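Okay, here's what each chain looks like letter by letter:
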Amino acid sequence: MTAFLLKARPFCCALAMLIASGAAVADPGDHIRIGDATITPSLALGLEYRTNPLRLEANAVDGVNMRITPRLEALLESREVDFQLGGEYNVIKFFSERLVALDRFNQFNIDASLDVLKDQVIGFRFSDQVGLDNNTSGSLLGSYHTQFRNRFDGMGVVRVGPTLSFTLGGFYKIDSYRVPQVGSSLDLRPYNYKDSYGPTWSADWTFFPRTAVVYEGSYSLQRWGANCLATGNPNRPPVALPDNNHLKMQAGLRGRITERMTLVVTGGYGAGNYLEDSVENCEPANAGAYAQDVKGIDHLLMTSQLQYDFGVGQRVAVGYRKDFVDSWFTNYTGINELYGTYTGRIGSRIGLSAGTRVRFENHFGQVTRADIRLGADGDVTYNFQDYASVTTGVSWIQRSTAQPADASVEFDDVNIHLLGTFTY
């Protein structure tokens, strides 16, 4: 906790500057203004109907839940400092006794960033993201798990000129997982935690006013609190989670290439090294083989997105992402994802949004599996006033796997919702 408070000091100082910078002015829909700062509180509440909130492969239980989400955003912009803070807290209450164990009152997300000396030759940037996620999905260890995460980034910025800048810094991240107790689907116990840290760097050359060539890289070290974990199931061997190191580098183009079209295209290389000696004492005796199988990862990286603005408030985007990430239940997951989104307006009151995506996940390590995740959503929002709106829509997510032995991780879940939002 002490370490977290020390990391948060820049944000606390900036928030104190925000409060002390002037008298407050507040009108409904106009937010709260304190000097150069704008504070925007909001509250969303409503109902959701879900066909499979536990995301089980069979015997799905549907139900209705109430959702309450207070949110706060703060923005301070001055000549030397930019500060942003956003946070939300989620309360979920199910009405069915069969799902009451899914009631959750602890899910939250907080994001903060601080840009100091933003127009000077040498400046500094800090950011922190902290949150608690409740995940319902079939998995190796049960249908439910939670993840607490906190990532802090700090870096120095060198601006060689008006068009060229470099950053050099590092990050530190904590992930903590809880999973169901043996014999219980929702009574949680501490499972494992992971520390991740390492340097980051980037370069940005703006060769046109709104278009830049970018390069970014990172070297991350993942260290698990426990490398050998019992599943609690006598029919399953212990889970071996080797420590590992990842190197990622990408370069490409980012910017507006016409008045209506924005393009992001980056490509690069990623490598991973999984440390066999970190699991050599894990039973079964050949647990080290799980690390050896993927001891050397060679992986292409790619991010691409094309966005087109075809009218006032009308926007469509399509994109593709290829990456790999460390996994909490096996060694790593390779990702190939395609997506498309649309946002638009009808008149001044009605807002529309829709999206679809397909994601191919290949898990490697002790658990080797190929999953396909499909998703689609659509929402309609009616704005009664600048400060009051109502949103209704539907979303759908499905996961299937090519491994019949793991059919319990497959699910379909449809969410139909009606939410009202009030913004001060």
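Residues numbered from 1 in each chain as written. Predicted model: local features only at pLDDT ≥ 70, side-chain atom pairs only at ≥ 80, totals over all residues. Heavy atoms only, no water.

## Points about the overall build of the protein
Line of reasoning, step 1. In terms of regular secondary structure, the protein is built from three helices and 22 strands.
Line of reasoning, step 2. With 424 residues in all, the protein has 42% of them scored as buried.
Line of reasoning, step 3. Expressed as a percentage of contacts within the protein between residues at least 6 apart in sequence, the contacts between residues at least 24 apart total 56%.
Line of reasoning, step 4. Surface exposure of the protein reaches about 21400 Å², of which carbon and sulfur atoms provide 60%. (Helix = DSSP H or I, 4+ residues; strand = E, 2+ residues; numbered from the N terminus. Buried < 20%, exposed > 50% of the residue type's maximum accessible area, 1.4 Å probe, protein only. Contact = heavy atoms within 4.5 Å. Areas by Shrake-Rupley, 256 points an atom, 1.4 Å probe, with all protein chains shown as cover.)

## Observations concerning the confidence of the model for the protein
Line of reasoning, step 1. When pLDDT is averaged across the protein, the result is 86; 84% of the residues are at 70 or more.
Line of reasoning, step 2. This stretch, residues 138–142, has a pLDDT under 50; its non-local contacts, to residues over four places away or in other chains, come to 18 contacts. (pLDDT = per-residue confidence, 0-100.)

## A few points about the pairing of strand S19 (residues 350–364)
Line of reasoning, step 1. In this structure, strand S18 (residues 332–346) lies alongside S19, joined through 15 bridges in antiparallel fashion. The partner of Glu337 across the bridge, within S19, is Arg359.
Line of reasoning, step 2. Adjacent in sequence and paired antiparallel, S18 and S19 are bridged by three residues, among which Gly347 carries a positive phi angle near 65°.
Line of reasoning, step 3. For S19 and strand S20 (residues 369–385), the ladder comprises 14 bridges, and the chain directions are antiparallel. Opposite Phe360, over in S20, you have Ile372 as the bridge partner.
Line of reasoning, step 4. In sequence, S19 turns back onto S20 through a hairpin of four residues, with Gly365 there showing a positive phi of about 130°. (Pairing = 2+ DSSP bridges.)

## What to know about the side chain of Asp309
Line of reasoning, step 1. Mapped onto the elements of the fold, Asp309 is located in strand S16 (residues 296–311).
Line of reasoning, step 2. Overall, the relative accessible area of 13% leaves Asp309 in the buried class.
Line of reasoning, step 3. Engagement of the side chain of Asp309 in a polar contact is seen with the side chain of Arg315, the distance being 2.9 Å.
Line of reasoning, step 4. In this structure, Asp309 is in contact with Arg256, Arg260, Gln314 and Arg315, ignoring residues within four places of it in sequence. (Polar contact = N/O pair within 3.5 Å; in protein donor to acceptor, adjacent residues only side chain to side chain.)

## Examining the pattern of salt bridges
Line of reasoning, step 1. Going through the model one piece at a time under the given rule, you end up with 21 salt bridges.
Line of reasoning, step 2. With a closest N to O distance of 2.9 Å, Arg315 and Asp309 form a salt bridge.
Line of reasoning, step 3. Of the residues examined, Arg315 reaches a relative accessible area of 38% and is grouped as partly exposed.
Line of reasoning, step 4. Glu337 serves as the salt-bridge partner of Arg357, at 2.9 Å between the closest nitrogen and oxygen. With Arg357 in strand S19 and Glu337 in strand S18, the pair connects residues that are 20 residues apart, well separated along the chain.
Line of reasoning, step 5. Three or more residues joined by partner-sharing salt bridges are found here, namely Arg50, Arg55 and Asp413. (Salt bridge = Lys/Arg side-chain N within 4 Å of Asp/Glu carboxyl O.)

## Examining the nonpolar core
Line of reasoning, step 1. Residues Tyr177, Val179, Tyr191, Trp224, Leu229, Val239, Leu241, Trp328, Phe329 and Val367 constitute the largest nonpolar core, which totals ten residues.
Line of reasoning, step 2. Leu54, Ile92, Phe94 and Leu188 belong to the second-largest nonpolar core, a separate cluster that totals seven residues. (Core = buried A, V, L, I, M, F, W, Y, C linked by side-chain atoms within 4.5 Å.)

## Description of the packing of aromatic side chains
Ring pairs (aromatic) are described by centroid distance and by the angle formed between their planes.
Line of reasoning, step 1. A full pass over the atoms with the stated rule returns 13 aromatic pairs.
Line of reasoning, step 2. Their ring planes at 25° and their centres at 6.4 Å tell us that Phe126 and Phe152 sit as a pair that is stacked. On the criterion of sequence distance, the pair formed by Phe126 in strand S7 (residues 122–136) and Phe152 in strand S8 (residues 144–159) is long-range, its members being 26 residues apart.
Line of reasoning, step 3. Assessed through its relative accessible area of 25%, Phe126 is described here as partly exposed.
Line of reasoning, step 4. By relative accessible area, which is 17% here, Phe152 ends up buried.
Line of reasoning, step 5. Their ring planes at 10° and their centres at 5.4 Å tell us that Tyr177 and Trp328 sit as a pair that is stacked. (Phe/Tyr/Trp six-rings, centres within 6.5 Å; stacked < 30°, edge-to-face > 60°.)

## Some words on the environment of Trp396
Line of reasoning, step 1. Topologically, Trp396 is positioned in strand S21 (residues 388–401).
Line of reasoning, step 2. Taking the relative accessible area as the measure of exposure, Trp396 reaches 30% and is therefore partly exposed.
Line of reasoning, step 3. For the pair Trp396 and Ala376, spaced 20 residues apart in sequence, the C-alpha to C-alpha distance is 5.4 Å.
Line of reasoning, step 4. Every residue in contact with Trp396, bar those within four places of it in the chain, is listed here: Leu374, Gly375, Ala376, Asp412, Asp413 and Val414.
Line of reasoning, step 5. A distance of 3.0 Å separates a polar atom in the side chain of Trp396 from a polar atom in the side chain of Asp412.

## Re the pairing of strand S4 (residues 63–77)
Line of reasoning, step 1. Bridging between strand S3 (residues 37–50) and S4 involves 14 bridges; their strand directions are antiparallel. Its bridge partner being in S4, Glu48 is matched across the sheet by Asn65.
Line of reasoning, step 2. Examined bridge by bridge, S4 and strand S5 (residues 81–94) share eleven bridges and lie antiparallel to one another. Counted as the bridge partner of Asn65 is Phe94 from S5.
Line of reasoning, step 3. Linking S4 back to S5 in an antiparallel pair, the connection comprises three residues.

## Comments concerning a nonpolar patch on the surface
Line of reasoning, step 1. Side chains of Leu117, Val121, Ile122, Phe124, Val158, Val160 and Phe166 sit close together on the surface and give an oily, nonpolar patch of about 600 Å² of accessible area.
Line of reasoning, step 2. Residue placement: Val160 occurs in the loop between S8 and strand S9 (164–180).
Line of reasoning, step 3. What makes Val160 exposed here is its relative accessible area of 57%. (Patch = residues over 30% accessible without salt bridge, like charges linked within 9 Å, V, L, I, M, F, W, Y side chains within 5 Å.)

## Structural notes on the environment of Asn383
Line of reasoning, step 1. Looking at where Asn383 falls in the secondary structure, it is placed in strand S20.
Line of reasoning, step 2. Along the sequence, Asn383 and Arg349 sit 34 residues apart, while their C-alpha atoms lie 4.9 Å from each other.
Line of reasoning, step 3. When near neighbours in sequence (up to four residues on either side) are disregarded, Asn383 contacts Arg345, Arg349, Ala388 and Ser389.

## A short note on the side chain of Arg67
Line of reasoning, step 1. With respect to the helices, strands and loops of the structure, Arg67 is situated in strand S4.
Line of reasoning, step 2. Taking the relative accessible area as the measure of exposure, Arg67 reaches 19% and is therefore buried.
Line of reasoning, step 3. In this structure the side chain of Arg67 is engaged in a polar contact, spanning 3.1 Å, whose partner is the side chain of Glu48.
Line of reasoning, step 4. One polar contact links Arg67 to Asn90, side chain to side chain, over a distance of 3.1 Å.
Line of reasoning, step 5. Arg67 has contacts with Ala44, Leu45, Gly46, Glu48, Asn90, Val91 and Ile92, leaving out every residue within four places of it along the chain.

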